[in-house]
Amino acid sequence: MSGSGGTELSATLRRIERAAGTLATASVARMDETLPWFRELPADQRSWVMLVAQAGVRSLVQWLCSGGGAGEGTQEVSDEVFATAPQALARSITLQQTVALIKVTIDVVEEQVSDLAAPGEEPQLRDAVLRFSREIAFAAARVYARAAESRGSWDARLQALLVDALLRGDSPDVLASRAAALGWTDAPPVAVAVGTSPGGEVAAVLHNVYRQARRIGVEVIGGVHGDRLVIVLGGAAEPVAATGKLLTAFGPGPVVVGPAVPSLDEATESARAALAGYRAAPAWPTAPRPVHAGDLLPERALAGDAEARRRLRHDVYATLARAGGELLETLDAFFAAGGTLESAARALYVHPNTVRYRLRRISDVTGFSPLMPRDAFALRVALTVGRLDPVVPTQTLPPPTGKRSQASDDHRQSL
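Here is what the cut-offs are and how they apply
Residues numbered from 1 in each chain as written. Predicted model: local features only at pLDDT ≥ 70, side-chain atom pairs only at ≥ 80, totals over all residues. Heavy atoms only, no water. Helix = DSSP H or I, 4+ residues; strand = E, 2+ residues; numbered from the N terminus. Buried < 20%, exposed > 50% of the residue type's maximum accessible area, 1.4 Å probe, protein only. Polar contact = N/O pair within 3.5 Å; in protein donor to acceptor, adjacent residues only side chain to side chain. Pairing = 2+ DSSP bridges. Contact = heavy atoms within 4.5 Å. Axes fitted to C-alpha atoms, helices over the stretch in contact; angles between N-to-C directions. Expected span 1.5 Å × (residues − 1). Bend = angle between axes of the 7 residues up to and from the residue. Phe/Tyr/Trp six-rings, centres within 6.5 Å; stacked < 30°, edge-to-face > 60°. Lys NZ or Arg CZ within 6 Å of the ring centre and 35° of its normal. pLDDT = per-residue confidence, 0-100. Parallel < 35°, antiparallel > 145°, perpendicular 65-115°, else oblique. Left-handed = near helix turned anticlockwise from the far one by under 90°. Nonpolar A, V, L, I, M, F, W, Y, C, P; charged D, E, K, R; others polar. Salt bridge = Lys/Arg side-chain N within 4 Å of Asp/Glu carboxyl O.

Quick look at the side chain of R313 now. Locating R313 in the fold gives a position in helix α16 (residues 306-323). Judged by its relative accessible area of 13%, R313 is buried. A polar contact of 3.2 Å, which involves the side chain of R313, links it to the side chain of D389.

See the structure below:
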């Protein structure tokens, strides 16, 4: 069709203009009849579709007047179809659904070509409608791409603000409002993981996190702070195992997972532990990846983490002191003997079985086994911290929580 296509179809154009309202109404009626999901849309969203359908017919007339796509300005004309409610449509209706709506509208127009076209102009109009439908499909793709880009940038900023609020320990109300804006469902339990960012565009980093999280069925909110990638996980029964499936989203180096908490309101506790563990992780080069922050208690205590020192002092040293002086005495003798049970028994003037029983008791009450190298290291640090720091009186101590991860329970069972 030449650039004079508008004048060639002048009679047809007048007919289409007069039938614009009828075509839009017929198109929406056909959508209601053939698309089950369209019938379930709220009234306001259905009205948006009606506006878009009407704009589509007007745009067809303008497109034909401009030469049927032969001239310049084709993108601008077709994009105007979605100018009535592009953001609303992009939020509530998927691109695939939008293409289905376009197809229904084009089908309705094609069915009425014989009534719309002036005598002898039916082939030209049918061909023009087909090419116009292609332009509208491209326009829809552009609208959704722009909306996704804008939404991605905005979401990235919101996520960064939420993660920053977590790290600062802001009030639960602040966390809840920012999480709600991101569509966070707060599926328990919630845990925070910290590792090195892989670098590059923040939006690309977070997109990779979300893509992998969808595959394993967990909720995530992420943020890049400096060279660190911080991820909040929700709905993962085993946060460490879930983080293990997201490792490719992190850069090289340690990845530390904080303790699981019931909701986002309490996630600051998990974030603090994960950050403290991340800072202390270089002291344990052979640590698992990912590693639970609780497994890094001794390194965290040596690095100056007050919470780690408190836990070792209260949950380990003070627990041993309450359980009876012979446990502390036995642990000192066992370490002094280089971990040799018989030598410790001779130093204590007791039978080796008595030492063996007391070591098992130490494991039971603290969650750390003196026979396991990592646990023995934690116990040594706990003894040191407990004797350097003043111990809270016994009656005010919280009940011992023991060690953090299931791995420690498995170690205890081996005794």
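The structure having been displayed, the exposition proceeds.
Turning our eyes to something else, we now look at the sheet that holds strand β1 (residues 190-196). Picture the strands of a sheet paired through backbone hydrogen bonds; they go either parallel or antiparallel. Reading across from one edge, β2-β3-β1-β4-β5 is the order of the five strands in this open sheet, with mixed pairing throughout. On the outer flanks of this sheet lie β2 (219-225) and β5 (291-292), each paired with one strand and no other. In terms of strand pairing, strand β4 (residues 256-257) meets β5 through two bridges, oriented parallel. Considered in β5, the bridge of V257 is made with H292. In the packing of helix α12 (residues 202-216) onto the sheet, contacts are made with β2 and β3 (228-234), and the angle to β2 comes to roughly 155°. With respect to the sheet, helix α14 (residues 267-280) is in contact with β1, β3 and β4, its orientation differing from that of β1 by roughly 25°.

Moving on: α16. Look at α16: 24 Å from first C-alpha to last across 18 residues, which is about the 26 Å you get at 1.5 Å a residue. When the local axis directions of α16 are compared, the greatest deviation, roughly 30°, occurs at R313. Among all positions in α16, only A308, R311, L312, R313, H314, D315, V316, Y317, A318, T319 and L320 are buried. Those residues of α16 that are buried are in contact with α15 (297-302), α17 (325-336), α19 (352-366) and α20 (373-388). Its side-chain oxygen at 3.3 Å from the backbone nitrogen of E307, D305 defines the N-terminal cap of α16. In the stretch just after α16, G324 is the one whose phi turns positive, near 130°.

Another aspect to go through is the packing of aromatic side chains. Taken as a whole and assessed by the stated rule, the structure comprises two aromatic pairs. With 6.2 Å between their ring centres and 50° between their planes, F334 and F335 make a pair best called tilted. Given a relative accessible area of 11%, F335 falls into the buried group. Here the guanidinium or amino end of R374 rests over the ring plane of W284, the centre of that ring lying 3.5 Å away. R380 extends its terminal NZ or CZ atom over the ring of F335, reaching a point 4.3 Å from the ring centre.

Predicted coordinates in regions of low pLDDT should not be interpreted in detail. Confidence along the chain averages 79 in pLDDT terms, with 74% of residues attaining 70 or more. Below a pLDDT of 50 lies the segment residues 1-7, which in the model reaches 14 contacts outside its immediate sequence neighbourhood of four places, other chains included. Contacts from residues 69-77, a stretch scored under 50 in pLDDT, to residues over four places away or in other chains number ten contacts.

Attention now goes to the packing of α17 against α20. Packed helix pairs are specified by the crossing angle of their axes together with the interaxial distance, meaning the distance between the axes. Running from N to C, α17 and α20 cross one another at 120°; their axes reach a closest spacing of 12 Å. As far as their axial angle goes, α20 and α17 are oblique. Our pair here, α17 against α20, has a crossing hand that is left-handed. Taken together, the residues of α20 that come into contact with α17 (itself represented by L328, L331, D332 and F335) are A376, L379, R380, L383 and R387. Grouping the amino acids of the contact of α17 with α20 by side-chain chemistry returns six nonpolar, no polar and three charged.

Cis geometry is found at the peptide bond from R289 to P290, where omega equals 5°. Its location among the elements puts P290 in the loop between α14 and β5. Backbone geometry places Y349, a non-glycine residue, at a positive phi of 60°. Structurally, the position occupied by Y349 is in the loop between α18 (341-348) and α19.

In this structure, H314 sits in helix α16. C-alpha of H314 to C-alpha of A382: the two residues are 68 residues apart in sequence and 9.1 Å apart in space.

Side chains that carry opposite charge are capable of pairing whenever their charged atoms lie near each other. According to the stated counting rule, one finds eight salt bridges in the structure shown. Note that E307 and R310 form a salt bridge whose closest N and O atoms lie 3.0 Å from each other. Here E307 and its partner R310 are both found in helix α16, three residues apart, which amounts to about one turn of the helix. According to the relative accessible area criterion, E307 is partly exposed, its value standing at 36%. In this structure R310 comes out as partly exposed when scored by relative accessible area, which is 27%.

A few words now on the packing of α16 against α19. The contact between α16 and α19 brings their axes to 9 Å, and the two run at 125°. Looking at the two axes, α16 sits oblique to α19. Crossing angle aside, the handedness with which α16 passes α19 is right-handed. On α19, the residues that touch D315, V316, T319, L320 and A323 of α16 are R361, I362, V365 and T366.

Moving on to the pairing of β2. Most of β2 sits inside the fold, with five of its seven residues counted as buried. As defined by bridge partners, β2 adjoins β3 across seven bridges and the pair is classed as antiparallel. The partner of V220 across the bridge, within β3, is L233. What sits between β2 and β3 in their antiparallel hairpin is a turn of two residues, with G226 showing a positive phi close to 65°.

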